[in-house]
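Residue-level listing of the chains:
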Amino acid sequence: MTKSKIKGLLLACMVTAGFSATAQDDLLNELNSSLPPVKEYAFATFKSTRLIDGSTVECLGPGVLDFRITHRFGAVSSGAENFWGIDNAYTKIAFDYGVNRWLMLGIGHSAFNKEYDGSVKIKLLRQQIGAGSPVTVTYFGNTSMETLPAPTLADSSYKWLASNRMFFTNQIIIGRKFSKTFSVQIMPSMVHYNLIDSAKYKNNTYAIGIGFRKMFSRSSAITAEYFYRLNNSSMTVSGQPTYNTFSIGYEVETGGHVFQLMLSNAQALNERTFIGQTTDQWAKHQLHIGFNISRVFTVVKPKGYEEKGGDKDNKGSWGSAGGDKDKDANVTENKKSVKEPKKAEKKEFKKSPKTDKDFNVNEKASSNW
Amino acid sequence: MKKLLLTIGILSMGASALFAQKYMTRTGKATFDATTSTSPEKIAGKNNEVAGLLNAGTGEIVFQMQIKAFKFEKQLMEEHFNEKYLESDKYTKSDFKGKINNLAEINFSKDGNYKTTVTGKMTMHGNTADMTIPGTITVEGKKVKLSAKFKVKLADHKIVVPALVGDKVAQEAEVTFDAEMTQQ
């Protein structure tokens, strides 16, 4: 073989090798250019539906139930005789449920003034990566009612109306995930009090809240939240002056739980109190240690994962990759389960009208080898 | 002369690539299962939006999918999958570029089942691994159905399972793949 022949062969090999490598890239590019652009949304802007006291932009997923226990101890400044506040705690128990991707409903009961509340949260806009909305916008509304016994009024000609006990909150929460670990939200809020201490004050308190979350490990983050009142800042509650609420927190996620630990000058747990009627202040170290525990449960499984859908049946057939040995098992399994899940699946993956018969049908194909 | 032959060779390869039939899908299904015997729940997800293109002339085949298109039984698992394991904010897509090893044995103009292996590179979580995947190709008129089962080692793609849940998430995910591709 002459030198030039070898050179030629080498060249030919190189060219063909290079050709096949770029051909696959070309094919991938060709595939890419034929695909519609993908809308990508930010997810997990915050880890939970509550940041510390207030709500975040997050809604629960459809069919997800969140059970939340919230605890705020008494003021640390109350001293050793009260075990620095640990003796006096207010608890709130709440259930929230994700009706669909954008609607969440909740109920709760808080020990402070024995207050019941109902809330609604609606996701209005989702932050999109690239083009589209730069922020996620969520509406949060809450109505609460005290259920303490009616006080005896000095003037018996006055009546204590049920409406006196009611409070209404509206919030627009605007949040943005700036990076994988850092998210910020702004919460313009309005709280309506049916009954206030004096005609000097307004029934509506307007406030701007700001909160952030900074992750410092895979599962834990520090959080902070501040509500600044635009009016009614001199409002008193039963004669006591009120202050803006500032809270700092630490949150850690373990599996299905989110555990939040915080320090705040607000002790009560409904919007109407922590936005407009916080009677403790940081300056006097009237701080409250507290924690939130959130546990989520999937109540309604997403489409395609219904029990009858045969996922359980399939588990066996997923068990051995590429093994011919379970061929027979698969075929019989498929025969019996081919029909039933069709309906459930059809609605779901709209983009795949041709091939969405279901997983079992395809299992059949894969079991041929 | 040699140059001429080479040119003709390249040109003819190019021509065959140009005129060869291509098959495409946007609805391929990939499911994975990383459940272990000690998992408290089933760790599995499915993606029904896998896109793929097959060049029947050269045997080259590519697939691509959006990581966020994986659906899970539990929303929280979906969030963890995206946020902590696949980091889909950073690595939005996964793709596979490969070539059918026994192209000569597959007749795309005749209905039938063909066993095959495809060798190529799979990129996931920003890391590429060489793979040879056994599977079947079923030709049905103008459609080509592909199916395969294989394992993906999480370590190959630097997908980290924290020690805390180390025995609850399998180090190798079982992947089931099915696609029905139609002639372009």
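Numbers given to residues run from 1 along each chain, matching the order in which its sequence is written. Each chain gets a letter, beginning with A, and each ligand a number, beginning with 1, in the order they are written. Residue-level local features of this predicted model are given only where pLDDT is at least 70; pairs of side-chain atoms are given and counted only at 80 or more, and the full residue set underlies all totals for whole chains, interfaces and linings. Each side-chain value is worked out from all heavy atoms of the structure, with water and hydrogens disregarded.

### Details of the packing of aromatic side chains
Whether two aromatic rings pair depends on their centres lying within 6.5 Å, for rings of Phe, Tyr and Trp, where Trp uses its six-membered ring; planes under 30 degrees apart make the pair stacked, over 60 edge-to-face, and the rest tilted. Under the counting rule described, the total for this entry stands at 19 aromatic pairs over all chains. Where Phe67 of chain A meets Phe95 of chain A, the ring centres are 4.9 Å apart and the plane angle is 25°; that geometry is what we call stacked. Of the two residues, Phe67 of chain A is situated in strand β2 (residues 64-75) and Phe95 of chain A in strand β3 (residues 89-98); the sequence distance between them amounts to 28 residues. Each residue gets one of three labels from its accessible area relative to the maximum for its type: buried under 20%, exposed over 50%, partly exposed in between, using a 1.4 Å probe on protein chains only. For Phe95 of chain A, a relative accessible area of 35% gives the class partly exposed. Site record: aromatic cluster; members linked through ring pairs are Phe32, Phe70, Phe72 and Phe81 of chain B. It is Arg126 of chain A that lies over the ring of Tyr41 of chain A; its NZ or CZ is 3.7 Å from the centre. Should the NZ of a Lys or the CZ of an Arg lie within 6 Å of a ring centre and within 35 degrees of the ring normal, that charge is described as sitting over the ring. Positioned above the aromatic ring of Tyr85 of chain B, the side-chain terminus of Arg218 of chain A is 4.9 Å from the ring centre. Helix numbers and strand numbers start at the N terminus; a helix is a DSSP run of H or I with at least 4 residues, a strand a run of E with at least 2.

### A closer look at the confidence of the model for chain A
Chain-level pLDDT for chain A is 81 on average; 77% of the residues reach the 70-or-more range. As a per-residue quantity, pLDDT reports the predictor's confidence and falls between 0 and 100. We call two residues contacting when some pair of their heavy atoms lies within 4.5 Å. Segment residues 309-369 of chain A: pLDDT under 50, and 105 contacts once partners within four positions in sequence are set aside and those in other chains are kept.

### Notes on the sheet that holds strand β14 (residues 245-254) of chain A
In short, DSSP must find at least two bridges between two strands for them to pair. Spatially, the twelve strands close up into a barrel ordered β2-β3-β4-β5-β7-β8-β9-β10-β11-β14-β15-β16 (chain A), and their pairing is antiparallel. Strand-to-strand, the axes of this sheet are offset by a mean angle of 20°, without reference to chain direction. Bridge count for strand β10 (residues 204-215) of chain A against strand β11 (residues 220-229) of chain A is nine bridges, and the pairing is antiparallel. Across the sheet, residue Met215 of chain A finds its bridge partner in β11 of chain A, namely Ala221 of chain A. With axes taken as lines fitted to C-alpha atoms, and helix axes fitted only over the stretch in contact, angles between N-to-C directions fall between 0 and 180 degrees. This element, helix α2 (residues 75-85) of chain B, spans β2, β10, β14 and β16 (288-298) of chain A of the sheet and lies at about 90° to β14 of chain A.

### Notes on the nonpolar core
The biggest cluster of nonpolar side chains holds 45 residues, and the ones touching the most others in it are Phe32, Leu54, Phe63, Phe108, Met122, Ile137 and Phe150 of chain B. For this core, the element with the most residues is strand β9 (residues 169-183) of chain B, which contributes seven residues. Buried Ala, Val, Leu, Ile, Met, Phe, Trp, Tyr and Cys residues form a nonpolar core when they are joined through side-chain atoms within 4.5 Å.

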